[in-house]
Amino acid sequence: MEENISGFRERGSWGDIVEHGERITAALREADADDPYREAYEEWDDWRPKTHERLSEDVNEKTAEQASVGEGEGEKEGKDADDDLQTAGERLTESYEKLEDDDTQGAVEKWNESIGHVARAADTAGRKALRKVENTVYKNVMTQVAPYYFDNELVSANIQRSRGEDDEFVFEVQVNDDDLRDDVREVLHEYEDDLERWHVDTEKETDAATAAEGVEVPEEAEEAKHSTN
């Protein structure tokens with residue numbers, strides 16, 4: 001793993017990239033980032049690459065979804081454009097009824113509510129149309145010329161293929177909270193130290209067993225040695 005001003009970077013195979021994402025996620029969890037940033041943490045955990053996924057398909061799809069425009073007020077309340085237009089018509093009718101009763105103030109209030117629902121309906125319809133365009137653009141255009149990226153209040157990340165190397169990738173992750181970044185850095189360094197010690201201990205166990213006449217090499221140690229060479 002490389003560390004620079006932009007974040008924590010890993011270069012390697014798809015397995016290396018997946019493992020990098022897993023370590024970042026585990027470090028965030030150990031730093032208690034999943035408490036104050038629960039929603040952002042879950043979004044990141046969902047987007048990060050998985051072993052069974054493919055960059056051009058699964059990560060592409062998730063990148064397009066994450067990059068699309070957010071929900072408007074109407075959508076957040078579970079209302080579509082038709083619902084708001086119907087309500088707008090009802091408020092307009094109520095406004096006329098208020099005028100007939102010489103309730104000018106009430107008529108204006110209902111008229112304003114009607115305009116509000118019309119505006120919200122237009123916003124909802126516009127967002128849906130924009131998402132369709134965005135989804136097509138990100139899937140078929142942007143991901144061809146730019147890295148696959150993720151961004152929220154907790155994490156900013158991007159993945160791209162190494163130039164000229166179909167089987168090598170670069171995955172860079174930035175923790176946006178300064179304090180959390182320091183905590184995550186410490187945890188990641190602990191992971192690397194533990195991994196290095198494990199490699200050294202495995203080599204010693206293997207060499208000692210090989211040198212002892214009539215003693216077979218422990219199966220798990222031999223497998224570990226081959227898997228890390």
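These lines cover the structure that appears in this document, whether it is placed above or below. (Residues numbered from 1 in each chain as written. Predicted model: local features only at pLDDT ≥ 70, side-chain atom pairs only at ≥ 80, totals over all residues. Heavy atoms only, no water.)

Some thoughts on the pattern of salt bridges
Phase 1: By the definition in use, this model includes nine salt bridges.
Phase 2: For Arg-23, the salt bridge is made with Glu-19, and the minimal N-O distance between the two is 2.8 Å. Of the two residues, Arg-23 and Glu-19 both sit in helix H1 (residues 14-30), four residues apart, roughly one turn of that helix.
Phase 3: For Glu-19, a relative accessible area of 34% corresponds to the partly exposed category.
Phase 4: Note that Arg-185 and Asp-182 form a salt bridge whose closest N and O atoms lie 2.7 Å from each other. You can see Arg-185 and its partner Asp-182 sitting in helix H7 (residues 178-211), three residues apart, about one turn around the helix.
Phase 5: What makes Arg-185 partly exposed here is its relative accessible area of 22%.
Phase 6: When salt bridges that share partners are traced, they join Glu-3, Asp-182 and Arg-185 into one network. (Salt bridge = Lys/Arg side-chain N within 4 Å of Asp/Glu carboxyl O. Helix = DSSP H or I, 4+ residues; strand = E, 2+ residues; numbered from the N terminus. Buried < 20%, exposed > 50% of the residue type's maximum accessible area, 1.4 Å probe, protein only.)

Here's the deal with the nonpolar core
Phase 1: The biggest cluster of nonpolar side chains holds 30 residues, and the ones touching the most others in it are Leu-28, Trp-44, Trp-47, Leu-154, Val-155, Phe-171 and Val-184.
Phase 2: Contributing elements (two or more residues each) for this core: H1, helix H2 (38-47), helix H3 (55-67), strand S3 (148-151), strand S4 (155-161), strand S5 (169-175) and H7.
Phase 3: Ranked by residue count, the leading element in this core is H1, at six residues.
Phase 4: Setting aside residues no more than four positions away along its own chain, Trp-47 makes contact with Val-59, Lys-62, Thr-63, Tyr-148, Tyr-149, Phe-150, Ala-157, Ile-159 and Phe-171. (Core = buried A, V, L, I, M, F, W, Y, C linked by side-chain atoms within 4.5 Å. Contact = heavy atoms within 4.5 Å.)

It is worth stressing that arrangement in space is one thing and function is another; only the former is reported here.
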